[in-house]
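For reference, the chains in residue letters:
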Amino acid sequence: MPELPEVETIVRGLREIVLGKKIKVVKIVPSRVLQSSISSFKRNLIGKKIKGAKRRGKNIILKLSSGNFLLVHLGMTGHLFFLDKPAPLGKHDHIDLIFSDNSSLRYNDIRKFGKFKLVKSSSIEKVEDLKSLGSEPLEISKDNFARLLQRRRGRIKSTLLNQKVVAGIGNIYADEVLFEAKIYPEEKAFNICSDRLKKLHQAIGKILKEAIKAGGSSVDNYLDLEGKKGFFQFHHKIYGKKGEPCPRCRTKIKKMVLNQRSSYFCPNCQKKL
DNA sequence: GTCGATGTTATCAA
DNA sequence: TTTGATAACATCGA
């Protein structure tokens, strides 16, 4: 669910809502989500203020007044919610950071694939989770992007999903950008000419930016900090559209499984080379 | 009741 | 090093 545009939307919300707030109480339901010890997690958060919020790939990085960081990854079903007044923890709520004004930032995650981790370091980028990440897709130049992908031997969609190559693209946006650039998802990356790869780079920029503007895509259950849905799902052209006519050529959209992930494509617009 | 599918990544084997 | 298969987990729908 949460890919780059959704995570970016959440981070922007955090900047508006929780910056400057001081953590008063930390509630934790023990689970694999919390990657630090409960005692050290609480000790290092209570009394600290939230000083900054940024995104790297699909990771959320909160900076604390102590200089430490709180690293959050939403996994597949993780949600952060801002509550303006106290409420008891519900099902699948795992962590609640309660601020001095009694508002709180709550983490809910049905499948518990998400991660919460305290990072005691001033060089957050060197942390294991972040240092192996590839380029930000909205920052890499089109020449570097083309060069990077041309030495990859795997299939183009797998490569786009590989966070070590580019960080932030997930299953939905991978399908959307490949459709936009008219590339067959199973095409080997190195088979694609650099002009086409530059088109792909352009498609990534266009679609991710539009999606951010739309507040992300709410497929299934993505919600922003205030529980509101994004609306980029209404702009999806290919993802989830099996059997519907391609918006470009009216050919029936197909679905196949690639790396155990569903992949939607137009067999006419996205042909094997 | 059972099976398969669902946006994530870590881990392991080839 | 790179790539692909599998597992972690809970829920929903056929």
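Cut-offs used in this document
- Residues numbered from 1 in each chain as written.
- Chains lettered and ligands numbered in written order.
- Predicted model: local features only at pLDDT ≥ 70, side-chain atom pairs only at ≥ 80, totals over all residues.
- Heavy atoms only, no water.
- Helix = DSSP H or I, 4+ residues; strand = E, 2+ residues; numbered from the N terminus.
- Expected span 1.5 Å × (residues − 1).
- Buried < 20%, exposed > 50% of the residue type's maximum accessible area, 1.4 Å probe, protein only.
- Core = buried A, V, L, I, M, F, W, Y, C linked by side-chain atoms within 4.5 Å.
- Contact = heavy atoms within 4.5 Å.
- Pairing = 2+ DSSP bridges.
- Axes fitted to C-alpha atoms, helices over the stretch in contact; angles between N-to-C directions.
- Domains from an automatic or database assignment.
- Buried area = accessible area lost by both parts, 1.4 Å probe.

Colleague: Please give an account of helix α1 (residues 4-17) that cites residues and values.
Modeller: Here α1 is 14 residues long and its end C-alpha atoms lie 20 Å apart, about the 20 Å a rise of 1.5 Å per residue gives. Burial runs high along α1: eleven of the 14 residues are buried. Where α1 is concerned, the buried positions are L4, P5, E6, V7, E8, T9, I10, V11, G13, L14 and I17.

Colleague: Got a sec to walk through the nonpolar core? Specific residues and values, please.
Modeller: Counting 39 residues, the largest nonpolar core has F145, L149, I156, L160, Y173, L200 and I204 as its most contacted members. Within the residue set of this core, elements represented by two or more residues are α4 (142-150), α5 (156-161), α6 (171-180) and α7 (194-213). Element by element, the count of residues in this core is highest for α7, at eight residues. What L149 contacts, discounting residues up to four positions off in sequence, is I156, T159, L160, V165, A189, F190, L197 and L200. Among the nonpolar cores identified, the runner-up in size contains 32 residues, and V26, L74, F82 and Y107 belong to it.

Colleague: Would you mind going over the sheet that holds strand β1 (residues 23-28) in detail, with residue names and values included?
Modeller: Ordered by their spatial adjacency, four strands build an open sheet running β1-β6-β7-β5, and the pairing between neighbours is antiparallel. Each edge of the sheet is formed by a strand with only one pairing partner; in this case those strands are β1 and β5 (78-83). The sheet shows a mean angle of 15° between the axes of neighbouring strands, direction not considered. Relative to strand β7 (residues 104-109), β5 runs antiparallel, the two sharing six bridges. Paired with F82 across the bridge in β7 is L105.

Colleague: Can you break down the domain arrangement of chain A residue by residue, with the values?
Modeller: Along its sequence, chain A is organised into domain 1 (4-131) and domain 2 (142-265). A separation of 28 Å is found between the C-alpha centroids of domain 1 and domain 2. Buried area between domain 1 and domain 2, both sides added, is near 1600 Å², and the carbon and sulfur share of it is 68%. Its largest share of buried area at the contact with domain 2, domain 1 owes to L4, P5 and E6, together 32% of the area lost on that side.

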